[in-house]
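A look at the structure
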Amino acid sequence: MEVKTSLLDNMIGVGDMVLLEPLSEDSFLENLKNRFDHNEIYTYIGSVVISMNPYRSLPIYTPDKVEEYRNRNFYELSPHIYALADEAYRSLRDQDKDQCILITGESGAGKTEASKLVMSYVAAVCGKGQEVNKVKEQLLQSNPVLEAFGNAKTVRNDNSSRFGKYMDIEFDFKGDPLGGVISNYLLEKSRVVKQPRGERNFHIFYQLLSGASDDTLKKLKLHRDFSKYNYLSLDSAVVNGLDDAANFRTVRNAMQIVGFMEDEVQSVLELVAAVLKLGNIEFKPESRCNGTDESRIKDKNDLKEMCELLGIEQSVLERAFSYRTVEAKMEKVSTTLNVAQAYYARDALAKNLYSRLFSWLVTRINESIKAQAKTRHKVMGVLDIYGFEIFEDNSFEQFIINYCNEKLQQIFIELTLREEQEEYVREGIEWTNIEYFNNAIICDLIENNQNGILAMLDEECLRPGTVTDETFLDKLNTVCAEHQHFESRLSKNSKFLTDHSLPHSCFRIQHYAGKVLYRVEGFVDKNNDLLYRDLSQAMYKANHSLIKQLFPEGNPAKVNLKRPPTAGFQFRASVGTLMRNLQTKNPNYIRCIKPNDKKASHIFTESLVRHQVRYLGLMENVRVRRAGYAFRQAYEPCLERYKMLCKRTWPHWRGPAREGVEVLMADLQVPAEEFSYGRSKIFIRNPRTLFFLEERRRQCLQDLATLIQKIYRGWKCRSQFLLLKKSQIVVAAWYRRYAQQKKYQRIKSATTVVQSYTRGWQARKLLRDLKYQKRCEEAATTIAAYWHGTQVRREYRKFFRANAGKKIYDFTIQRIMQKYFLGLKSTMPSMSPIDKNWPARPYLFLDGVHTELRRIFHLWRCKKYRSQFTEEKKAVYEEKLEASEIFKDKKALYPSSVSQPFKGDYLEISKNPKYQKLSSAMDEKVLLADVVNKINRANGKGTARIFLLTKKSVVLADQKTGQVKASVPLPDLTSVSVSTQSDGFFALKLKEGSASAVKGDFLLSSEHLIEIITKLHRIGATAADREQLNIDISDEFLVQFKQDKVCVKFIQGAPKNGNSVSCKRKNNRLLEVSVPTTA
Ligand SMILES: Nc1ncnc2c1ncn2[C@@H]1O[C@H](COP(=O)(O)OP(=O)(O)OP(=O)(O)O)[C@@H](O)[C@H]1O
Ligand SMILES: [Mg+2]
């Protein structure tokens, strides 16, 4: 079981005495010393803190330390008073348990410092806020005020508390301080009038004289010089390390913070000054005539000043110091006071004045710091009470103080030792009883109502007759002689008869902390605490509100003859109340130990510490702790606290709590020797086990916190997400709505536009239709109207004069036309188509008609002319037309041929006998017969040949003989070449490869070239079996003579031999034909 623990880590010695091995007083002291030498002033015995006074300031009370110990487990860090304070505060805040911090120890052991550390820690860790801070500040600032008035330098402690203080700090349910209540116990008022050697009066006297301004001192009628005041001891008026002047300012400031009004502070200071003045009043004896001594005030100046300060009539006080009035049986008897009695009265007044002032201060502070809210409070009580005191000379005060310490020890025993053992028995835990000293017997010796010392003292004080300290001692000797803790020389017990350390006027008590010898002198007086009524009445008469308040019994209207309760009685009662109060609270112990008597750091006086360890019962404490269990807890809260450490008990355990705890411990595998099961509680032997549980719990809580955080965060994120989603849906819905609206608007406006266009278009169409219809109707109407109009006009035209003009006009026109046509008939030109004559037009308006008539006439004349033609003639003209199509504008010879009729048979071959033979040789009808020149290629000269053309062939025959020279079937003829000029040359080109082509092409010349070629062309055009004859018109063409090709070139030459054409051979390949230029 590996447990991380800082308490055990790096420990000097052992931090918890429970863990000390071996345990003995020596090892205990050794451990304390070891730790003290290493500045470890705190050590635990279980939950009890032992605090060694370091007598120097250690850096262990810093705010960082406060933070370090805050909310930490008690055993987690090294021992510290803060750990105890934190534990107490947290169990008050979290478990609603009232707490009390019991700080015990000798004078100078550091109780007051410890109480202040606890308070400052709690103030630092509890809640904050303006109101809370004010409360805290007031609670803390009550300390300097009470210390100034209640603390004094003693031989043991420079700042010894001379009163007991118990302060209840009240908290609300959150743990924020609400206020507090201070109870004070028995101020050592004798110190006001007398201080033991080497000690001082209460701090406030020195602080006032050192720190108050001159002005204040003047007002208080004081001098800064301590030696001027009898009540101030001079031997240790100035204490090293104590700055009275500065402290005075601190006190004044603290009073202001606590809430004292300025006049209240003034009154308090006046009272302090009055006490000092009172001490200076001295008496001298004055013999009276009756032989008795009377006291007189020596120097009345101080009395006067004091009376001025307190507003008391001087004579009244003076008389009160001289006489004492005793009222008995309704009778007043005045007796004079002798000097001793006067001094007694003076000191009694001073002590009363001061102690009542102190009580008033406590009441006044309580008024300021009391909790305002009436709700239930949680309370943390801090008890800082004077420690056990053993002086050389112990008086009533020491007796009372030691009695109180006995009671505290009793409570400690009650709550820790006895209670612990009893609890084990109660719980059925196996337990071997530990012997311890129970000091109840001593308490009984002191406080027993029948035969207790205090009861005896009271009895003696109240007894009529002469009562002295001696009679009191006698009484004790008789009553308490048998008591084993009471020792007296005069007791019947012979044991002490020879004990010289026990003087006759003393008795000794064996306190739990050691034997203390008490001198009985002053016991009766101090218990009586008598203040002569004359003095209290004189005080009541003072014109000073505070004084009046302090002495209410001085009011003559409330004269009470009953004796006031004795000091012892009062103290016993208040201690009883305190004890009862403490028993209701959860105790936390701080056991303060003083390391040496020299108030020095680093010195560890073993004997002194051993003594304290013994009387504080620390060893027993450790033994009980070790034998027992460090921690116990009822099953229910235990299960509640640790149930999260086991799956079976978390989150709910259904069965009994004990079983739950058993399951839990088994699950955690805590060794069996580490704990025991009681009837209602579990007892854990070792703090480490507890710490282990706490540590596991802390881890588990962290895990749980993480889980809760996780779930919470998850939930938060989820809700956030859902919210976002929802919002997103809303936004989206709105946006969609908006978008759809927009879209709808767009569609709507588009639809409206389309609609408007459609409607416009329909409307326009309708309008058009309607208009059209209307127009139709109107047209029909108009037509009908016109038609009717026409009809009517036609019918009635003849009756209209307006028509006369038109008629005349028509008539005139008719007449003119008639005349024109008749005239034309007589002037008609001849029927010759070539007659260009045509009568002139008589009127301009007849121009068109005139021209048209001329054209018609001409066409008609031509038609007439044509209708006279025979078929032959028609053929001749057709040939002429064809000749025109072939040659017009292409050959210069053509125009001259136009007027020559195509005769065809120029030779009249059938008739001419000369050519009879030739004619008969012809199969076909000769279409053309003429004489042509056949051009000789050798010289260009022509030879006359008869040229015959039938439908099938071209025949060349000798002119003279009529012998056929060549007959070329027309299909062998491919083309005819002619020139553009006015010559009659033409070349008949034969189809290559044909029989006719053997002799070559024919270059011929004829006067009727146009006719020959036209006819050749015409035959070709009409023959179905042949291709169209090509006619090539160019001034240069090739002629095939047998094998050679000769170029025939036509040039324009000057007329040499008249107008004839000459052909010359230029070379083998060129024949040049010179054609005269036609003008
Ligand atoms: N924790 C501490 N750190 C430093 N100094 C301390 C500490 N505790 C005590 N002292 C010193 O010891 C002196 C005496 O302490 P304190 O007044 O608390 O004793 P006490 O127990 O209250 O004595 P008494 O019973 O006389 O009032 C203090 O004035 C201080 O100088
Ligand atoms: Mg103190």
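The rules we used
- Residues numbered from 1 in each chain as written.
- Chains lettered and ligands numbered in written order.
- Predicted model: local features only at pLDDT ≥ 70, side-chain atom pairs only at ≥ 80, totals over all residues.
- Heavy atoms only, no water.
- UniProt positions renumbered as here; feature names shortened; annotations may be inferred.
- Helix = DSSP H or I, 4+ residues; strand = E, 2+ residues; numbered from the N terminus.
- Rg over C-alpha atoms; globule rule 2.2 N^0.38 Å.
- Buried < 20%, exposed > 50% of the residue type's maximum accessible area, 1.4 Å probe, protein only.
- Contact = heavy atoms within 4.5 Å.
- Areas by Shrake-Rupley, 256 points an atom, 1.4 Å probe, with all protein chains shown as cover.
- Lys, Arg positive; Asp, Glu negative; His and termini not counted.
- Charge placed at Lys NZ, Arg CZ, Asp CG, Glu CD.
- Near = heavy atom within 4 Å.
- Polar contact = N/O pair within 3.5 Å; in protein donor to acceptor, adjacent residues only side chain to side chain.
- Nonpolar A, V, L, I, M, F, W, Y, C, P; charged D, E, K, R; others polar.
- Pairing = 2+ DSSP bridges.
- Phe/Tyr/Trp six-rings, centres within 6.5 Å; stacked < 30°, edge-to-face > 60°.
- Lys NZ or Arg CZ within 6 Å of the ring centre and 35° of its normal.
- Axes fitted to C-alpha atoms, helices over the stretch in contact; angles between N-to-C directions.
- Patch = residues over 30% accessible without salt bridge, like charges linked within 9 Å, V, L, I, M, F, W, Y side chains within 5 Å.
- Salt bridge = Lys/Arg side-chain N within 4 Å of Asp/Glu carboxyl O.
- Donors = N, O, S within 2.8 Å, 3.2 Å for Na, K, Ca; no water.
- Expected span 1.5 Å × (residues − 1).
- Parallel < 35°, antiparallel > 145°, perpendicular 65-115°, else oblique.

Where an unreviewed UniProt entry is consulted, the protein appears under the name Unconventional myosin-Ib, with the organism given as Lates calcarifer. Under the Function (unreviewed entry) heading, UniProt states for the protein: "Motor protein that may participate in process critical to neuronal development and function such as cell migration, neurite outgrowth and vesicular transport." What UniProt records for the protein under Subcellular location (unreviewed entry) is the sentence "Cytoplasm, Cell cortex".

Our next topic: the overall build of the protein. A tally of regular secondary structure across the protein gives 32 helices and 31 strands. Scaling as 2.2 N^0.38, a compact globule of 1079 residues should have a C-alpha radius of gyration of about 31 Å, whereas the protein reaches 82 Å, well beyond that. Seen through its C-alpha atoms, the protein measures out along the principal axes to roughly 240 × 95 × 65 Å. Counting every position in the protein, which comprises 1079 residues, the buried fraction comes to 48%. Within the protein, contacts between residues at least 6 apart in sequence are counted, and of these 63% link residues at least 24 apart. Of the roughly 55,600 Å² of accessible surface on the protein, 52% is carried by carbon and sulfur atoms. Charge separation in the protein, taken as the distance between the mean sites of 165 positive and 131 negative side-chain charges, equals 20 Å.

For the rest of this paragraph, the subject is the site of ligand 1. Near ligand 1 there are 18 residues, and of these Asn-53, Ser-107, Lys-111, Thr-112 and Ser-160 occur at the shortest range. Note that an oxygen atom of ligand 1 is positioned 2.7 Å from one of the side-chain N or O atoms of Asn-53. Thr-112 is positioned such that a nitrogen or oxygen atom in its side chain is 2.7 Å from an oxygen atom of ligand 1. For ligand 1, the protein covers 86% of the area, taking 620 Å² as the surface of the free molecule. Of all the secondary structure elements, the ones that give two or more residues to the shell around ligand 1 are helix H4 (111-125) and strand S5 (160-161). Top element by residues in the shell around ligand 1 is H4. It accounts for three residues. Its residues placed into classes, the shell around ligand 1 shows four nonpolar, ten polar and four charged.

Relative to strand S31 (residues 1070-1076), strand S30 (residues 1062-1067) runs antiparallel, the two being bridged by five bridges. The partner of Lys-1064 across the bridge, within S31, is Glu-1072. Between S30 and the antiparallel strand that follows it, S31, lie two residues.

What follows is about the packing of aromatic side chains. According to the stated counting rule, one finds 36 aromatic pairs in the structure shown. Ring centres 5.1 Å apart and planes at 90° place the aromatic pair Phe-283 and Tyr-343 in the edge-to-face group. In this pair, Phe-283 is assigned in strand S8 (residues 283-287) and Tyr-343 in helix H13 (residues 339-369), connecting sequence segments 60 residues apart. Residue class for Tyr-343 comes out partly exposed when judged on its relative accessible area of 24%. On the numbers, 5.2 Å between centres and 65° between planes, the contact of Phe-675 with Tyr-677 is edge-to-face. You can call Phe-675 buried: its relative accessible area is 10%. Residue Tyr-677 is classed as partly exposed on the basis of its relative accessible area of 23%. Note that Arg-319 overlies the ring of Tyr-323, its terminal NZ or CZ placed 4.3 Å from the centroid. In this structure, Lys-548 packs its charged tip against the face of Tyr-540, placed 4.8 Å from the ring centre.

So, on to the sheet that holds strand S18 (residues 675-677). Whether parallel or antiparallel, the strands of a sheet pair through hydrogen bonds between backbone atoms. As summarised here, the arrangement of the three strands in space is S17-S19-S18, forming an open sheet in which the pairing is antiparallel. Both outer strands of the open sheet, strand S17 (631-634) and S18, are each paired with one neighbouring strand and no more. The sheet shows a mean angle of 15° between the axes of neighbouring strands, taken without regard to direction. Direction of pairing for S17 relative to strand S19 (residues 681-684): antiparallel, over a ladder of four bridges. Bridged to Arg-632 within S19 is Phe-683. The strands touched by helix H24 (residues 635-642) are S17, S18 and S19; relative to S17, the strand with the most contacts, the crossing angle is about 100°.

The next point concerns the sheet that holds strand S12 (residues 378-384). If you trace the seven strands from one edge of the open sheet to the other, you get S1-S2-S16-S3-S12-S6-S7, paired in mixed fashion. Where the open sheet ends on each side, the last strands, each with one partner, are strand S1 (42-45) and strand S7 (177-185). Going from strand to strand, the sheet's axes swing by 20° on average, the running direction of each strand aside. As paired strands, strand S6 (residues 164-171) and S12 are joined by seven bridges and run antiparallel to one another. Note that in S12 the partner of Phe-171 across the bridge is Lys-378. Its contacts with the sheet put helix H5 (residues 130-150) on S6 and S7, and the angle it makes with S7 is roughly 15°.

A cluster of nonpolar side chains, contributed by Val-792, Tyr-796, Phe-799 and Phe-800, occupies part of the molecular surface with about 400 Å² of accessible area. Note on Phe-800: relative accessible area 38%, which makes it partly exposed.

Before going further, it helps to spend a moment on the coordination of the magnesium ion (ligand 2). Listed as protein donors to the magnesium ion (ligand 2) are Thr-112 (OG1) and Ser-161 (OG); their distances from the metal cover 1.9 to 2.1 Å. Note that Thr-112 is positioned in helix H4 and Ser-161 in strand S5, a separation of 49 residues in sequence. Overall, Thr-112 belongs to the buried group, its relative accessible area being 12%.

This brings us to the environment of Phe-691. Structurally, the position occupied by Phe-691 is in helix H26 (residues 687-797). Between the alpha carbons of Phe-691 and Phe-74 there is a distance of 8.6 Å; along the sequence they are 617 residues apart.

Let's shift gears to the side chain of Ser-897. Mapping Ser-897 onto the fold places it in helix H30 (residues 894-898). Overall, the relative accessible area of 6% leaves Ser-897 in the buried class. Discounting residues that sit within four places of it in the chain, Ser-897 has contacts with Lys-880, Phe-902 and Ile-1010.

Before going further, it helps to examine H4. Spanning 15 residues, H4 covers 21 Å between terminal C-alpha atoms, matching the ideal 21 Å at 1.5 Å per step. With eleven of its 15 residues buried, H4 lies for the most part within the structure. Lys-111, Thr-112, Ala-114, Ser-115, Leu-117, Val-118, Met-119, Tyr-121, Val-122, Ala-123 and Val-125 are the residues of H4 that are buried.

A separate point is the UniProt feature "binding site: ATP" (unreviewed entry) in the protein. The UniProt entry lists Gly-105, Glu-106, Ser-107, Gly-108, Ala-109, Gly-110, Lys-111 and Thr-112 under the feature "binding site: ATP" (unreviewed entry), expressed in the numbering used here. As for its position among the elements, Gly-105 is in strand S3 (residues 99-105). For Gly-105, a relative accessible area of 4% gives the class buried. Residues in contact with Gly-105, not counting those within four places in the same chain, are Lys-111, Gly-387, Phe-388 and Cys-592. Here Gly-110 is to be found in the loop between S3 and H4. Of the residues examined, Gly-110 reaches a relative accessible area of 16% and is grouped as buried. Not counting residues up to four positions away in its chain, the partners in contact with Gly-110 are Asn-53 and Cys-592.

Attention now moves to the packing of helix H12 (residues 314-322) against helix H19 (residues 533-540). The interhelical angle for the contact between H12 and H19, taken along N-to-C directions, is 170°, at an axis separation of 8 Å. By the criterion of interaxial angle, the relationship of H12 to H19 is roughly antiparallel. Facing Val-316, Leu-317, Ala-320 and Phe-321 of H12, the residues of H19 in contact are Asp-534, Leu-535, Ala-538 and Met-539. Of the residues belonging to the contact of H12 with H19, the class tally is seven nonpolar, no polar and one charged.

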